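# Inside the fold
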Amino acid sequence: MTISNPIRNIRVGNRRTSIRLEPALWSALEKIAQAEGTDVDTICTQLEPYRRNRGRTSFLCAFIVSYLLQRAFADGAEQAVPPYDQAVTALIQPMP
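Below is a short write-up of the structure. (Residues numbered from 1 in each chain as written. Predicted model: local features only at pLDDT ≥ 70, side-chain atom pairs only at ≥ 80, totals over all residues. Heavy atoms only, no water.)

Counting 20 residues, the largest nonpolar core has Leu 29, Leu 60, Phe 63 and Ile 64 as its most contacted members. Within the residue set of this core, elements represented by two or more residues are β1 (7–12), α1 (23–35), α2 (40–51), α3 (56–72) and α4 (83–92). Those residues in contact with Leu 29 that lie beyond four places of it in its chain are Leu 21, Val 40, Ile 43, Leu 60 and Ile 64. (Core = buried A, V, L, I, M, F, W, Y, C linked by side-chain atoms within 4.5 Å. Buried < 20%, exposed > 50% of the residue type's maximum accessible area, 1.4 Å probe, protein only. Helix = DSSP H or I, 4+ residues; strand = E, 2+ residues; numbered from the N terminus. Contact = heavy atoms within 4.5 Å.)

Attention now goes to the pattern of salt bridges. Tallying each qualifying case throughout the model produces three salt bridges. For Glu 30, the salt bridge identified is with Arg 8, shortest N-O distance 2.3 Å. On the criterion of sequence distance, the pair formed by Glu 30 in helix α1 and Arg 8 in strand β1 is long-range, its members being 22 residues apart. Classification of Glu 30 by relative accessible area gives partly exposed; the value is 37%. For Arg 8, a relative accessible area of 31% translates into the label partly exposed. Between Arg 51 and Glu 48 there is a salt bridge, and its shortest N-O distance comes to 2.8 Å. Of this pair, Arg 51 and Glu 48 both sit in helix α2, three residues apart, which is roughly one turn of that helix. A residue is classified by how much of its surface remains accessible, and Glu 48, at 22% relative accessible area, is partly exposed. Each of Glu 48, Arg 51 and Arg 56 takes part in a single network of salt bridges with overlapping partners. (Salt bridge = Lys/Arg side-chain N within 4 Å of Asp/Glu carboxyl O.)

Pairing of β1 with strand β2 (residues 15–20), which is carried by six bridges, proceeds in the antiparallel orientation. Residue pairing across strands places Val 12 opposite Arg 15, the latter belonging to β2. Hairpin connection of β1 to β2: two residues between the antiparallel strands, including Gly 13 at a positive phi of 65°. (Pairing = 2+ DSSP bridges.)

Our focus in this paragraph is the environment of Cys 61. Residue position: Cys 61 is located in helix α3. Cys 61 sits 36 residues away from Leu 25 along the chain, and the two C-alpha atoms are 7.2 Å apart. Leave out the neighbours within four places in its chain, and Cys 61 touches Leu 21 and Leu 25.

Dropping the structure here:
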């Protein structure tokens, strides 16, 4: 039995596109959007300028992991920079 990753249509700005992610990543992305008080389309639209020449799906996966890591390792205190902003900053910084 083959289990395929679901393809979903999303809007990036006024463009419609398709993304294929693991079910767990779709679930995480939906929870991130909910935590940020927005929806998946808005998250994808906000991330688009940072993507540059990287593939949309891989950049989105990296964002999800980065966001969840920021949340997981937060010290529990109120953060000066929200996890969304920290995740984006971590993704756009050059590798050492």
